[in-house]
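Coordinates in review
Single-letter residue listing:
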Amino acid sequence: MTNPFHIVVCASVVPDPLQTLEPITGPIGPALKNEVMLPAILDPWAACALYEGGRLARKIAGSKLYLVSMAPKAKLQQVMMAVAQKLPFELVAVDGPASGFADAHHAAKTLAEAIKAIPGIDLSKLLLFGGWESATRAAGVTLQLVGEELGITDQFQGVDRITVRDDGSFEVLERVEGARHQVSSCAGAPAVLGWATGEIAEPQNNPQVGMANMRTIMPALQKAKPAGVAQDGASFTSVAQPKQQRQTRIVKDTPADEIAREIVQWISEG
C-alpha cells in the first residue's frame, strides 16, 4: 500500500482576466488601476494543481491536502466562498500582497515559512503543487523558489499527470518543447510539481463540501499573519499595456525563404 502524502498547493488570487487590466505607477511602485475594486478568482494554473491534488488525496488513504495562499484577507475570503465548494482542503492563509509586481524571492520565503509552520506537516512526505505559470507572474518562478527554500531538489514543471506506484515512487508526465511530453520517474516525496492543465475538469460545486470547508476557512482567515513582502531588489522604470502594431504588405510570387528572412529582420529591428 502506498504511503500517504502531505499535498500542499500554493495558490494565490488574481484579478478576473475578463476585466480590463490597466497598469499604473502608484506611490509604492507598479500596480493595476482600481485593483482593489477588481473581482478576483483563484489563479487558473494553481486551480488545476488544487484539483489534481484533491484527486490524489482521495485516491491515497491518509493523505492530507492543504491550500497555502498569500493574498489580502478580504480578497481571499471572497474567492474561498466559491473554491470551498469544489473539494475538501485545509486553508493556510497569509495576509499579504497578491500583486504580480511583488518580488518572487520574498514571496517564496514567506510561503515556505507558512508551510513549515503547518501543524503536523511532514516534509519527508511533502508533494508541493502549484501552477506551472501564473496569471500574475507569467514567469512562474515562485513555486520553484518555494521548493528551494524547503530544500526540495526534485522538481517537475509543466506537469499533466502523476501516476503513483505502490512503493511510493511515481511517474510524472510533463510538457517539453516541440509539443512533446517527457516521462520521468521519481523515487518518492518530497518533490515539487508545477502543473499545466492536468487531466481532470473543474469539479462541480457541492454546497455540503463548501459548508464543511468554511468551518475551518473562516478561522484560518482570522489567524492569517500579515506578511510584508518587500520590493527591494526590484525596480520598474515604467509600466504600460503592450502596444498594438500592425503593418501589412501584400506581395506575390515571393519565395518562402525570403518572407521568413524579412519577418526575422522585422522582429530583430523591433
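As the structure is a computational prediction, the values presented were derived from the model and not from experiment. Counting of residues starts from 1 at the beginning of each chain's written sequence and follows it residue by residue. Local features in this predicted model are restricted to residues of pLDDT 70 or higher, and side-chain atom pairs are both shown and tallied only at a pLDDT of 80 or more, whereas totals for entire chains, interfaces and linings draw on every residue. Excluding hydrogens and water, the side-chain values take into account all heavy atoms of the structure.

For the rest of this paragraph, the subject is helix α4 (residues 142-149). Buried means the residue's accessible area, taken with a 1.4 Å probe over protein chains only, is under 20% of the maximum for its type, while exposed means over 50%, and partly exposed covers the values in between. Under the scheme used here, helices are H or I runs from DSSP no shorter than 4 residues and strands are E runs no shorter than 2 residues, and both carry numbers assigned from the N terminus. Those residues of α4 not exposed but buried are T142, L143, L145, V146 and G147. Buried positions along α4 lie against β1 (6-10), α3 (104-116), β8 (126-131), β9 (155-164) and β12 (191-195). Directly beyond the C-terminal end of α4, a positive phi value near 75° is found at G151. For this analysis, residues touch if any pair of their heavy atoms sits within 4.5 Å.

Before going further, it helps to spend a moment on the pairing of strand β11 (residues 180-186). Two faces make up the sheet, and in a regular strand the side chains alternate between them. Here, a strand pair is defined by DSSP locating no fewer than two bridges between the strands. The sheet contact formed by strand β10 (residues 170-176) and β11 spans seven bridges and is antiparallel. Of the residues in β11, the one forming a bridge with L173 is V183.

On average, the protein scores 86 in pLDDT, and the residues at 70 or more come to 89%. Across the chain, each position has a pLDDT score giving the predictor's confidence in that residue, from 0 to 100. Ranking the elements of the protein by mean pLDDT puts strand β4 (residues 29-32) last, at 70, and β1 first, at 96.

For the rest of this paragraph, the subject is the environment of L221. Within the secondary structure, L221 sits in helix α5 (residues 207-222). Those residues in contact with L221 that sit more than four places away from it in its chain are K73, L76, Q77, L91 and A93.

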